[in-house]
Amino acid sequence: LVWLLVLSLAWLGPALGGEEEDEEVVAEEEEDVVSDELEEEDGVLVLHEHNFARALSEHRLLLVEFYTPWCAHCRRLAPVFAEASAMLRNESSPAQLGKVDATARVALANEFGITSYPTLKLFRDGNRTHPLAYTGRMDAEGIVRWMRRRAGPSATLLQDADTAAAFISSQDLVVVGFFQDLGSEAAQVFYEVASEVVDLPFGVAEADELFQVYGLSADTVCLFKKFSEGRTDFPVDPAQGLDAAELTRLLHIHSLELVMEFTNETSDQIFGAKIPHHMLLFLNKLSSAQLMLRDGFQAAASTFRGKVLFVVVDVTGYGADVLPFFGLTPADAPTLRLVKMENNRKYRMDQDAFSDTAIRTFIQAVLDGKVKPHLLSAEPPEDWDTRPVKVLVGKTFEQVAFDETKNVFVKFYAPWCSHCREMAAAWEELGERYKDHEDIVIAELDSTANELENITINGFPTLHYFPAGPGRKMVEYKSARDVETFSKFLENGGTLPEEPPPVPKTPENSTGMEEPSPVGTTETRDEL
């Protein structure tokens, strides 16, 4: 998704999140360590088969990172994990952090089913058989908050009006569950959600006095906030009870301001809510006239709460880096765009009108499927069709790819993609090999600058083959990325000839972990 790409480039920075699948590693058990002594490295326990049980017995809450030395994500996480350990130790938390080198401690990795790195698991009260998967953020503060929530009660019991008032006023956002029976199934679901949503403080109440003070007569979850509506209630359905996933989703949505400003600090909130559409107002904050346009934008937002997230983008500030991905320049402000997050389709009004009525009408028309997406297209180079590899853009793609007299092989790439750069020479060589074939075309399209109405590209490079003939057929190529395999594919009409099965060999890898496929890998738009 280009909007996700933009966010990755503009404000997420080098993400610590993500996982790396097992690479081919010849794992050799290090010389047996017979001692069960617990040693530390940068404040983190170094764990192995001989001291793991002791660590579990001595630490009620033990968060263990399974890592490999070759994993880039693991290397970036190491100082963060050490920082989190120091923070927990400074506040005398019962939580302890440990780490296991999965390439050297294969038995432990196999015992806990570790297949990607880094993997974090929480062991509670010495229980070795049912560790809890880590679900928090991959930064020091996120790790500490997640562990705090599991070290103590997930929700604070509010016993009277004074306690409740103090708790509610303590922060900008507070969640309180009002339950007539704290032992009910709905209350238990609430506690479960409180354990996972660590960025919000949770309170719980069952006193009749508090139901009366807050005007409630039945079980209800209330989100108190010092902005927008001030309070949002989520009544518990008497028949269906409380659904943990739905409550989590609603809390994320309603924790956001009605209109968000596009900044580094708001990115996690914007995308954590997973709202399916984003309505963007691009404006110049140095212009007082353009700033006034926010009033109509704000007025329209409440109608689509939960369906459309309203975002203001300053074209002279942090939002400047976003503009090329929308085909905009600062001179185009003020302007509006709606992005459908599922497929990254962007929609623009025929003419910019900034009243709340015009904005509501436009958004509803998009939601009803009455507006066609606005597709980006670069201008084709003058020699685009004389090169061995034809350079396609959005406005020329259809006529080339779906030419019924040609078999067209297209590489969809991104300029920043390392995998694309690695196969560039092979693709050029393929173009040279087939430049004189009348019915075979080798082409490429920059997917960051060109959008197609019926084809969505999620990883790079993506290779599609469009065979000659009617029917607008498309075949995705998923095999090895070398010239000879490409040629076999083309000569065989868009399929690879069957190869005799390989002779089985005794596996050399003793890890028991999955090996990577020999087929080339791709980079998604989020892997930046």
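Details of the structure are given in the entry above.
Definitions and limits used
- Residue indices follow the written sequence of each chain, beginning from 1 at its first position.
- With the structure being a predicted model, the display of local features is reserved for residues of pLDDT at least 70 and the display and counting of side-chain atom pairs for 80 or more, all residues being used for whole-chain, interface and lining totals.
- Excluded from the side-chain calculations are hydrogens and water; all other atoms, namely the structure's heavy atoms, are used.
- Numbering of helices and strands starts at the N terminus; helices are DSSP runs of H or I of at least 4 residues and strands are runs of E of at least 2.
- Relative accessible area decides the class of each residue, using a 1.4 Å probe on protein chains only: under 20% of the type maximum gives buried, over 50% gives exposed, and in between gives partly exposed.
- In this description, contact between two residues means that some pair of their heavy atoms is separated by no more than 4.5 Å.
- Note on areas: Shrake-Rupley with a 1.4 Å probe; residue coverage comes only from the protein chains shown.
- If DSSP finds at least two bridges between two strands, the strands pair.
- To get an axis, fit a line to the C-alpha atoms, keeping to the stretch in contact for a helix; angles then go from 0 to 180 degrees between the N-to-C directions.
- Each polar contact in these results corresponds to two N or O atoms within 3.5 Å; when the atoms are within protein, one needs to be able to donate a hydrogen and the other to accept it, and residues that are neighboring in sequence are counted only if both atoms are side-chain atoms.
- Within this document, salt bridges are pairs made up of a side-chain nitrogen of Lys or Arg and a carboxyl oxygen of Asp or Glu, the two lying within 4 Å of each other.
- To estimate the expected span of a helix, count its residues, drop one, and scale the result by 1.5 Å.
- One fitted axis covers the seven residues ending at a residue, a second covers the seven starting there, and the bend at that residue is the angle between these axes.
- Stacked, tilted and edge-to-face pairs are distinguished by plane angle, under 30 degrees for stacked and over 60 for edge-to-face with tilted covering the rest, among Phe, Tyr and Trp rings (Trp via its six-membered ring) whose centres lie within 6.5 Å.
- As used in this record, nonpolar core signifies buried Ala, Val, Leu, Ile, Met, Phe, Trp, Tyr and Cys residues forming a set joined through side-chain atoms within 4.5 Å.

What follows is about the overall build of the chain. Helix and strand counts for the chain come out as 16 helices and 25 strands. Across the 528 residues of the chain, 48% fall into the buried class. Of the contacts made within the chain by residues no fewer than 6 positions apart, 71% connect residues no fewer than 24 positions apart. Entry remark: accessible area of the chain is about 25,900 Å², with carbon and sulfur atoms responsible for 49%.

Across the sheet, five strands lie side by side as β19-β21-β20-β23-β24; this open sheet has mixed pairing. Edge positions in the sheet fall to β19 (390–392) and β24 (475–477), since each of these pairs with one other strand and no more. Strand-to-strand twist in this sheet, taken as the mean axis angle between neighbours without regard to direction, amounts to 30 degrees. Relative to β24, strand β23 (residues 462–466) runs antiparallel, the two being bridged by three bridges. The partner of Leu 463 across the bridge, within β24, is Tyr 477.

What follows covers the environment of Asp 482. Within the secondary structure, Asp 482 is located in the loop between β24 and α16 (483–491). When the C-alpha atoms of Asp 482 and Leu 430 are compared, they prove to be 8.9 Å apart, with 52 residues separating the residues in sequence. At 3.2 Å, the side chain of Asp 482 forms a polar contact with the backbone nitrogen of Glu 484.

A separate point is the pattern of salt bridges. A full pass over the atoms with the stated rule returns 28 salt bridges. Glu 398 serves as the salt-bridge partner of Arg 472, at 3.0 Å between the closest nitrogen and oxygen. Note that Arg 472 is positioned in the loop between β23 and β24 and Glu 398 in helix α14 (residues 394–401), a separation of 74 residues in sequence. Residue Glu 398 is classed as partly exposed on the basis of its relative accessible area, which comes to 40%. By sharing partners, the salt bridges in this structure join Glu 91, Arg 137, Asp 139, Glu 141, Arg 145, Arg 148 and Asp 199 into a single network.

Here we take up the sheet that holds strand β16 (residues 308–314). If you walk across this open sheet you meet the five strands as β14-β16-β15-β17-β18, and the pairing is mixed. Only two strands of the sheet have a single partner each, and these edge strands are β14 (259–261) and β18 (345–347). Looking at each pair of strands side by side, their axes are set apart by 25 degrees on average, direction ignored. Where helix α12 (residues 294–301) meets the sheet, its contacts fall on β14, β15 (277–283), β16 and β17 (335–340), and the angle it forms with β16 comes to roughly 165 degrees.

So, about helix α15 (residues 418–434). Residues that lie three or four places apart on an α-helix share one face, since the helix turns once every 3.6 residues. Under the 1.5 Å per step criterion, the end-to-end length of α15 is 25 Å for 17 residues, consistent within 8% with the ideal 24 Å. Its axis deflected by about 45 degrees at Ala 424, α15 carries its strongest bend there. Listed in full, the buried residues belonging to α15 are His 419, Cys 420, Met 423, Ala 426, Trp 427, Leu 430, Gly 431 and Tyr 434.

A few words on the packing of aromatic side chains. Working definition: an aromatic ring pair is given by the centre-to-centre distance plus the angle between the planes. All chains considered together, the criterion is met by 29 aromatic pairs. An angle of 90 degrees between the planes, with centres 5.8 Å apart, marks the rings of Trp 70 and Tyr 117 as edge-to-face. One end of the pair, Trp 70, is in the loop between β4 (61–67) and α3 (72–90); the other, Tyr 117, is in strand β6 (residues 116–117), and 47 residues separate them in sequence. A residue is classified by how much of its surface remains accessible, and Tyr 117, at 1% relative accessible area, is buried.

On to the pairing of strand β13 (residues 231–235), then. Burial along β13 is one-sided: the face carrying Thr 232 and Phe 234 is buried and the face carrying Arg 231, Asp 233 and Pro 235 is not. Relative to β13, strand β12 (residues 220–225) is paired through five bridges, and the arrangement is antiparallel. Across the sheet, Cys 222 pairs through a bridge with Asp 233, a residue of β13. Linking β12 to β13, which pair antiparallel, is a turn of five residues; within it Ser 228 sits at a positive phi near 50 degrees.

To continue, consider the side chain of Thr 119. By the secondary structure assignment, Thr 119 is in strand β7 (residues 119–124). A residue is classified by how much of its surface remains accessible, and Thr 119, at 14% relative accessible area, is buried. Within the local environment of Thr 119, its side chain forms a polar contact with the backbone oxygen of Ser 116, the two atoms lying 2.5 Å apart. Dropping the residues within four chain positions of it, Thr 119 is found in contact with Val 64, Glu 65, Phe 66 and Ile 114.

This part is about the nonpolar core. Within the largest apolar cluster, 25 residues are counted, with the highest numbers of intra-cluster contacts made by Phe 179, Phe 190, Phe 202, Leu 242 and Leu 251. When residues of this core are assigned to their parent elements, the largest contribution, six residues, is made by helix α7 (residues 185–196). When neighbours within four sequence positions are excluded, Phe 202 is seen to be in contact with Arg 149, Ser 154, Ala 155, Thr 156, Phe 167, Val 175, Phe 190, Val 193, Ala 194, Val 197 and Leu 251. By size, the runner-up hydrophobic cluster in this structure holds 23 residues, among which are Leu 258, Leu 293, Leu 336 and Met 349.

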